[in-house]
Amino acid sequence: MSEIVRVNNTAEKNTIKKRTFLGLLLTALLFLLGVAFYLLIFVRYPQAFFSRSFVMGLTISTFLLTLLFLCGLLAIVLSILQKRTFLPLCWVMDKTLLLLYPIVLLIGRLTHITQEKIQRSFIEVNNQLVRSRAVKVKSNKLLLLLPHCLQNDSCNYKITHDINNCRRCGRCQIAQILELASAREVPAIVVTGGTLARRAVKKYAPRTVVAVACERDLSSGVLDSFPMPVLGVLNERPEGPCYNTRVDLRALQEALDLFLTKNDISS
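Cut-offs applied
- Residues numbered from 1 in each chain as written.
- Predicted model: local features only at pLDDT ≥ 70, side-chain atom pairs only at ≥ 80, totals over all residues.
- Heavy atoms only, no water.
- Axes fitted to C-alpha atoms, helices over the stretch in contact; angles between N-to-C directions.
- Helix = DSSP H or I, 4+ residues; strand = E, 2+ residues; numbered from the N terminus.
- Parallel < 35°, antiparallel > 145°, perpendicular 65-115°, else oblique.
- Contact = heavy atoms within 4.5 Å.
- pLDDT = per-residue confidence, 0-100.
- Salt bridge = Lys/Arg side-chain N within 4 Å of Asp/Glu carboxyl O.
- Buried < 20%, exposed > 50% of the residue type's maximum accessible area, 1.4 Å probe, protein only.
- Patch = residues over 30% accessible without salt bridge, like charges linked within 9 Å, V, L, I, M, F, W, Y side chains within 5 Å.
- Areas by Shrake-Rupley, 256 points an atom, 1.4 Å probe, with all protein chains shown as cover.
- Expected span 1.5 Å × (residues − 1).
- Left-handed = near helix turned anticlockwise from the far one by under 90°.
- Nonpolar A, V, L, I, M, F, W, Y, C, P; charged D, E, K, R; others polar.

Chemist: Account for the packing of helix H3 (residues 90-110) against helix H4 (residues 115-133), naming residues and giving values.
Modeler: Between H3 and H4, the least distance of the axes is 10 Å, while the angle of their chain directions is 170 degrees. In this view, H3 runs roughly antiparallel relative to H4, as classed from their interaxial angle. Here Cys90, Met93, Asp94, Leu97, Tyr101, Val104, Leu105, Gly108 and Arg109 of H3 come into contact with H4, specifically with Gln115, Ile118, Gln119, Phe122, Leu129 and Arg133.

Chemist: Mind laying out the environment of Val201, listing which residues take part and the relevant values?
Modeler: Residue position: Val201 is located in helix H6 (residues 194-204). With 57 residues separating them along the chain, Val201 and Leu144 place their C-alpha atoms 9.8 Å apart. Excluding anything up to four places from it in sequence, Val201 contacts Leu143, Leu145, Pro206, Val209 and Met228.

Chemist: Before we move on, could you go through the confidence of the model for the chain and cite the residues and values that matter?
Modeler: Residues at a pLDDT of 70 or more form 88% of the chain, whose mean pLDDT is 86. Confidence, expressed as mean pLDDT per element, reaches its minimum in the chain at helix H9 (residues 262-266) with 62 and its maximum at strand S3 (residues 208-213) with 96. Low pLDDT (under 50) marks residues 1-15, which in the prediction has one contact with non-local residues, meaning those over four places away or in another chain.

Chemist: Break down the pattern of salt bridges for me, with residues and values.
Modeler: Two side chains carrying opposite charge are able to pair once their charged atoms lie near each other. Under the counting rule described, the total for this entry stands at six salt bridges. Residue Arg133 is joined to Asp94 by a salt bridge in which the shortest nitrogen-to-oxygen separation is 3.1 Å. Of this pair, Arg133 sits in helix H4 while Asp94 sits in helix H3; the two residues are 39 residues apart in sequence, bridging distant segments of the chain. Taking relative accessible area as the criterion, Asp94 reaches 10% and is therefore assigned buried.

Chemist: Requested: an account of a nonpolar patch on the surface, with residues and values cited.
Modeler: Together, Phe37, Leu40, Met56, Ile60, Leu64, Leu67, Leu70 and Leu74 line one region of the surface with nonpolar side chains, adding up to about 730 Å² of accessible area. Among the secondary structure elements, those contributing two or more residues to the nonpolar patch are helix H1 (2-44) and helix H2 (52-82). Considering each element in turn, the nonpolar patch owes the most residues, six residues, to H2. Considering the arrangement of structural elements, one finds Ile60 in helix H2. Judged by relative accessible area, Ile60 falls into the partly exposed class, the value being 44%.

Chemist: Got a sec to walk through H4? Specific residues and values, please.
Modeler: Here H4 spans 27 Å end to end across 19 residues, near enough to the 27 Å set by a 1.5 Å rise per residue. Backbone geometry just after H4 places Ala134 at a positive phi near 50 degrees.

Chemist: Any details on the packing of H4 against helix H7 (residues 215-225)? Residues and values, ideally.
Modeler: One can describe the packing of H4 onto H7 by two numbers: an axis separation of 9 Å at closest approach and a directional angle of 45 degrees. Looking at the two axes, H4 sits oblique to H7. Every pair of crossing elements has a handedness; the one defined by H4 and H7 is left-handed. Counted together, Glu116, Gln119, Arg120, Phe122, Ile123 and Asn126 of H4 and Glu215, Arg216, Leu218, Ser219, Val222 and Leu223 of H7 form the full contact between these two elements. Each residue belonging to the contact of H4 with H7 can be placed in one class, and the counts come to five nonpolar, three polar and four charged.

Put into structure tokens, the structure is as follows:
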């Protein structure tokens, strides 16, 4: 009975997470719509340095952009609810998330919603959309990106240049992560920030990425990688941010297996 309650509570938390970002996304659309209506009123009484045609063109453009984003939001919600993607609308969904994300953060700041909460919600929405697309790739076209803070801070064997420098002593989870990746023949790399992560993506040229990081790094990485699917796994920070962090190994395994064929998983 307690297991059922725990599962229900987890499902409810995940729903709330998604609703946070989606609600702010809708608020951003209403804001754009309000701007469009303001411009429409402004057309009647334009300032001397704004021509009527310019303001009218800006108004129409804002209305059309809002309509496009509204289609994107509806497609996002339907994809999450039905757990399947609408391929013709993928471009619209990606642009809606990419272009409205800064406005969502601004609205969150004005409404006193923490940036971390918004980023966590955004990652949850992104992960649901990635799962709905059901992309399958060969193991060499999947890249596992890991933050350097997963390694024990007192370890003398740095693995940011070569993860195989790990001595598998067991003081951190790197050895277990290496076992997961090597069993699936998935390349894994440890990075210290967004610049090195982008460089790794360029070097390995994957079709999909599984990334472990904090809310800030994951959300920026997902946005930088559009339209390539990136599945984010949030790290755990029992000793604080960027220091001896951990990751849910079961969640990481599920993330890797999501993209791989059965043959790659069994190998």
